[in-house]
Amino acid sequence: MAAPGDTESTLSRRSCFFIFLLVSSLALLYRVTNMEKYLIGTLNENDNQIIMTSKARGRLRRPPMVTSFPRNHSKHPVVYDMNTLERKDLPHGSFLFGPHSHQVNIKHNFKQSWTEVQKELIDDDDDIVDIEKEKERCDRYNFKLANEKNPKRRRLFLGSLLANDSLEVLKAVGTEAWNMFHTVSFIEGNVTQNLSPREWKYYDPNKPSEHLNTLYQLFGPKTKVSVDYYVSNLKTVGGNELITEFLQREGSMYRWEMNGMQEDDIGIILDADEIFTRDFLRAMQVCDMPEFNSNQDCREPKLIASTIVMESSPNCVTKDRRWHHPDAIIGKCLKQVGNETLHPPTKREYKGRHGMRQRGYGFEKDYSKYVAEGFGPKNTYPLWDAVDFRMEVGGNMRSKGDGSPTGYHFHNFFNNGEEIHVKYRTYGHSIKSAMEMPLWDLSADLKLAVDCTHGSSNDQVLDFNNTGSSNMPIYYLNEKVRNARHQLWKKIVQDEEGRVNGKSKNGTVEESDNDEDESPVNEQNSDVLVESSLGSSASASALYSTKSHWDSSKSAVLGLATGLSLGDYQNFVGSLRATGFPGHIILGIAKDAPKYIVDYLTKQNVTIQFVEMAEKCTYDGAIGHDGEPGKPIDTSHWHCPKDFPDFKITWARFPIYKQWLEQCPDCTHGIV
């Protein structure tokens, strides 16, 4: 009922006011309950790029990725629906971001069994930098301390793929990196590299994942450890067997961004069985390394480890071989972290935005098209994606001053033979018959590791204590752990020998006769399986024959290898010789190559051919189409050899190889 004096118009105004309040309240409630959707905003149509609308500032900005983790400081549940996770949708698939180790209640059921020596090496996490100690450390690698007056440690961010890697390897890597990294990002995929389906190992929708809970504990309580999930949209790998790996690695860059990576932090991309040495990780944090300078133009920003390789056991260290991963790059030069205005994106193989760089756009350091098309200011180059760490050239391999390694590779450290067969059947460069083949036939590396258990490869492998290195993996400094791993590897080999020998006895492997054409060969056209009456203790070498139409001693491997570091030559030549290859290696190197490189190649019995470059290329022709003359080709950016100035080096190599072969009368069999 209206109060005295109220008019009809007054009542109408009050009614409208109350209706307005009701509608406003409902609108506010709707907005609050949909705040996360509001914050995440819209998707860029070209690449589903997450964009946040900042109405308060009246502009669009790209923030660190918004997560759906609890914002009231409560812990994230350890059992969750994967579909509720924050996600990043891309043309090739989707990343779903799980909680990291600081966001969950960890069940502390994993205990490290370290010796006093190991504890002393790991207990180096001082809040205050000891200047004299760090100066000595930098000096070990021929560097200076970055800032003596106010030294501080750079933060480290790690990124790796994760599949069925053994706990043994993860413990070894985690021990070396204990409490050193700000972030350790693992990306698990729902398919293998050849798109074979796989089940999640680090996710369980029904109960807490024990695998994930253990992984959270391996890198130290100061490190944020996460497993994020990649769901691939690919239907085929096309002509690139590793495209799935390349695309899946992108997830770590988004995780680093989520965790607050800055331009002066260091990103490290590796496989789960690789790690920089602990001492060198500390050096990267404080030493004045040119790769981490603030004036880095991002053309060649990589710092590359000089890595010793252990094949299946810490007591089988490959001799005269250095692996060239992992790799480190300063945050300033990384996608999701660096300035894309100063370093515009380059063109890549998958839909222009993903995968490896295209030729002329940074592939193999060729930026000719990138520069010609006017990308970016002068003297700056594109930011690096995770795939670039592994696949692009452009950096320096760093060893310790005394020649010791700066990285470790725990290769093929599986727990049983079946895991090894599955790896070679389903991952990159897969072998279709891998499940049936003896494991020593799967790769030269495994053959070397098998021979190591029998003591028949002493000229190609070194024992853990006899490498001559001043540092070795901290995890395997425990002799009991080291010997246990070697005994497990021996048992894997013995079981495999028994399996193969048992098959022969049962007639599942055909008996070989003297006619090579009728011998059963594997799909790689290499080793031939033969029946053997030897027991399960027989050596692997007695169970197979290596018949071939080619005589390896009369075969040749040729290549142009100018301007490389000693480590690069060690990777190529050393690994080739480590397989036992006795044939010719013919390499073209620069005329002014350093003496120590020439000495190393000579020691490895390499035939050296010096390649001298022409002052300028002489080709002045044109390429036309449909009978019409074309524009003259600009050869000013070509690099041509002096003997063939009409051809750029990538074309001239073929007549050059022909000349080299004509000079090698004994090169009469296989040519690579």
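Everything numeric here is computed off the predicted structure, so don't read it as measured data. (Residues numbered from 1 in each chain as written. Predicted model: local features only at pLDDT ≥ 70, side-chain atom pairs only at ≥ 80, totals over all residues. Heavy atoms only, no water.)

Considerations on helix H17 (residues 649-662)
Stage number 1. Taking 1.5 Å of rise per residue, the 14 residues of H17 would be expected to cover 20 Å, and the 19 Å separating its terminal C-alpha atoms lies within 8% of that figure.
Stage number 2. The complete set of buried residues in H17 reads Ala 652, Ile 656, Tyr 657 and Trp 660.
Stage number 3. Check the buried side of H17 and you find it contacts strand E22 (556-560), strand E23 (584-590) and strand E24 (606-611). (Helix = DSSP H or I, 4+ residues; strand = E, 2+ residues; numbered from the N terminus. Expected span 1.5 Å × (residues − 1). Buried < 20%, exposed > 50% of the residue type's maximum accessible area, 1.4 Å probe, protein only. Contact = heavy atoms within 4.5 Å.)

Things to note about the nonpolar core
Stage number 1. One finds Phe 181, Leu 215, Met 284 and Phe 410 to be the most contacted residues of the largest nonpolar core, which totals 77 residues.
Stage number 2. A per-element tally of this core places helix H9 (residues 278-286) first, with five residues.
Stage number 3. If we ignore the near neighbours within four places in the chain, the residues touching Phe 410 are Val 169, Ala 172, Val 173, Asp 273, Ile 275, Met 310, Pro 473 and Tyr 476. (Core = buried A, V, L, I, M, F, W, Y, C linked by side-chain atoms within 4.5 Å.)

Remarks on the packing of aromatic side chains
Stage number 1. Counted by the stated rule, this structure contains 21 aromatic pairs.
Stage number 2. Taking the centre distance of 6.4 Å and the plane angle of 40° together, the rings of Tyr 408 and Phe 410 count as tilted. The same class applies to Tyr 408 as to Phe 410, namely buried.
Stage number 3. Between the aromatic rings of Phe 410 and Tyr 476, the centroid separation amounts to 5.9 Å while the plane-to-plane angle is 55°, which identifies the pairing as tilted. Taken together, the positions of Phe 410 in strand E18 (residues 407-411) and Tyr 476 in the loop between strand E19 (461-462) and helix H14 (479-505) put the pair 66 residues apart, joining distant regions of the chain. Judged on exposure class, the residue Phe 410 and its partner Tyr 476 are both buried.
Stage number 4. Here the aromatic cluster, defined as three or more aromatic residues joined through ring pairs, consists of Tyr 408, Phe 410, Phe 413, Tyr 475 and Tyr 476.
Stage number 5. Positioned above the aromatic ring of Tyr 350 is the side chain of Lys 351, whose terminal nitrogen or guanidinium carbon lies 5.5 Å from the ring centre. (Phe/Tyr/Trp six-rings, centres within 6.5 Å; stacked < 30°, edge-to-face > 60°. Lys NZ or Arg CZ within 6 Å of the ring centre and 35° of its normal.)

A closer look at the sheet that holds E22
Stage number 1. Spatially, three strands are ordered E22-E23-E24 in an open sheet, and the strand pairing comes out parallel. Every interior strand has two partners, whereas the edge strands, E22 and E24, have only one. Going from strand to strand, the sheet's axes swing by 20° on average, the running direction of each strand aside.
Stage number 2. Bridge analysis of E23 against E24 gives six bridges, and the strand direction is parallel. Paired with Gly 588 across the strands is Gln 609, a residue of E24.
Stage number 3. Taken strand by strand, helix H16 (residues 595-603) contacts E23 and E24, and its axis lies near 145° from that of E24.
Stage number 4. Along the sheet face, H17 touches E22, E23 and E24 and points at about 145° away from the line of E22. (Pairing = 2+ DSSP bridges. Axes fitted to C-alpha atoms, helices over the stretch in contact; angles between N-to-C directions.)

Observations regarding the pairing of E22
Stage number 1. A large share of E22 lies buried, amounting to four of its five residues.
Stage number 2. Of the pairings in the sheet, the one linking E22 to E23 comprises five bridges and is parallel in character. Residue pairing in the sheet places Leu 560 in a bridge with Gly 588 of E23.

Section: a nonpolar patch on the surface
Stage number 1. On the surface, Val 117, Leu 121 and Leu 477 cluster together into a nonpolar patch covering about 240 Å² of accessible area.
Stage number 2. Mapped onto the elements of the fold, Val 117 is located in helix H3 (residues 116-122).
Stage number 3. You can call Val 117 exposed: its relative accessible area is 52%. (Patch = residues over 30% accessible without salt bridge, like charges linked within 9 Å, V, L, I, M, F, W, Y side chains within 5 Å. Areas by Shrake-Rupley, 256 points an atom, 1.4 Å probe, with all protein chains shown as cover. Salt bridge = Lys/Arg side-chain N within 4 Å of Asp/Glu carboxyl O.)

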